[in-house]
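Spelled out, the chains give:
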Amino acid sequence: MKKKNLCLLLLFALLCGGCELIDYHPYDVRIKGETDINAKNIRRIEEACRNKTTLRFAVMGDTQRWYDETESFVKAVNKREDIDFVIHGGDVSDFGLTDEFLWQRDIMNGLRAPYVVLIGNHDCLGTGEEVYRKVFGPVNFSFIAGDVKFVCLNTNALEYDYSEPVPDFTFIENQLTERKEEYRRTVFSMHAQPYSDVFNNNVAKVFQHYIKQYPNLQFCLAAHDHSLGVTDLFGDGVLYYRSASIKKRNYLLFTINPTDYSYEVVYY
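First things first, this report covers the structure right here in the doc. Quick caveat: nothing in here was measured; it's all calculated off a predicted structure.

## Quick look at the packing of helix α3 (residues 67-78) against helix α4 (residues 98-108)
Following both chains from N to C, one finds α3 and α4 inclined at 20°, their axes separated by 9 Å at the closest point. When the axes of α3 and α4 are compared, the pair comes out roughly parallel. Here the hand of the crossing between α3 and α4 comes out right-handed. Counted together, Y67, T70, E71 and V74 of α3 and E100, W103, Q104, I107 and M108 of α4 form the full contact between these two elements. When grouped by side-chain class, the residues that make up the contact of α3 with α4 number 5 nonpolar, 2 polar and 2 charged.

Structure below.
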């Protein structure tokens, strides 16, 4: 066999047998590994918290490119025995790249406590929303822990150029009555709070009116700004708690008991 033909044959064998060496386009949506994570973890949360009168959960977000800090968060939370679940407030990715979602998913899967992930504005870039839906699930979802309903929303209106209903008021209306006999208190969670740069602020006051229809609205959770914050945005007593980016190496820890709630900032 001629030397040239031998080289071609070896190259062909390498390409056929070494497919792991071939990387796909960064916005390719072929997913390796676990999918539909939110639904699976919601089942774990609801089962573990059924009939619980006191809930304790961690809130964080904006992990984006900070993989080491996210790993440190997982290790810090795993050292505790008192956290029922974790809420990731969105921006798993920085550029909406498929690998970003998968890398952060694999890190977060190291948590012993179940977790859910909201969609952030960076997660909507490129094919990010499609990847988010495959890996985590619908962009609007809810779950009930104890007697508290957690309504988790896509509020990244700017990323949709206002071409879709964001926030989705039909979803919010339907959730008010769905499983209404199973909850008596409510917490809303979103990536971008009203009056932020990506929220549809034409409907900010309407949004607040809608969510205040829910029974015993405790507070709202947000991320996005990469800094801690507590704000009574509408002057009506409903507080919006904002988590920092994971780069800051801290998270919020909430405790909801039968009569009220408390929170603290935990540094690690």
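## Side note on the side chain of N121
Turning to its location among the elements, N121 is positioned in the loop between β3 (115-117) and α5 (128-135). Relative accessible area serves as the criterion here: at 7%, N121 is assigned to the buried category. The contact partners of N121, leaving out residues within four places of it in the chain, are D91, N156, E159, H191, V198 and H224.

## Overview of the pattern of salt bridges
Summed over all chains, the structure comprises 15 salt bridges. Close ionic contact of R105 with D106 constitutes a salt bridge, the shortest N to O distance being 2.9 Å. On the basis of relative accessible area, R105 is assigned to the buried category, the value being 4%. Where E129 meets R133, a salt bridge forms, and the shortest distance between an N and an O atom there is 2.8 Å. Taken together, the positions of E129 and R133, both in helix α5 and 4 residues apart, correspond to about one turn of that helix. Taking relative accessible area as the criterion, E129 reaches 17% and is therefore assigned buried.

Reading the values: rules and limits
- Residues numbered from 1 in each chain as written.
- Predicted model: local features only at pLDDT ≥ 70, side-chain atom pairs only at ≥ 80, totals over all residues.
- Heavy atoms only, no water.
- Axes fitted to C-alpha atoms, helices over the stretch in contact; angles between N-to-C directions.
- Helix = DSSP H or I, 4+ residues; strand = E, 2+ residues; numbered from the N terminus.
- Parallel < 35°, antiparallel > 145°, perpendicular 65-115°, else oblique.
- Left-handed = near helix turned anticlockwise from the far one by under 90°.
- Contact = heavy atoms within 4.5 Å.
- Nonpolar A, V, L, I, M, F, W, Y, C, P; charged D, E, K, R; others polar.
- Buried < 20%, exposed > 50% of the residue type's maximum accessible area, 1.4 Å probe, protein only.
- Salt bridge = Lys/Arg side-chain N within 4 Å of Asp/Glu carboxyl O.

By themselves, these are just geometric observations and shouldn't be taken as functional.
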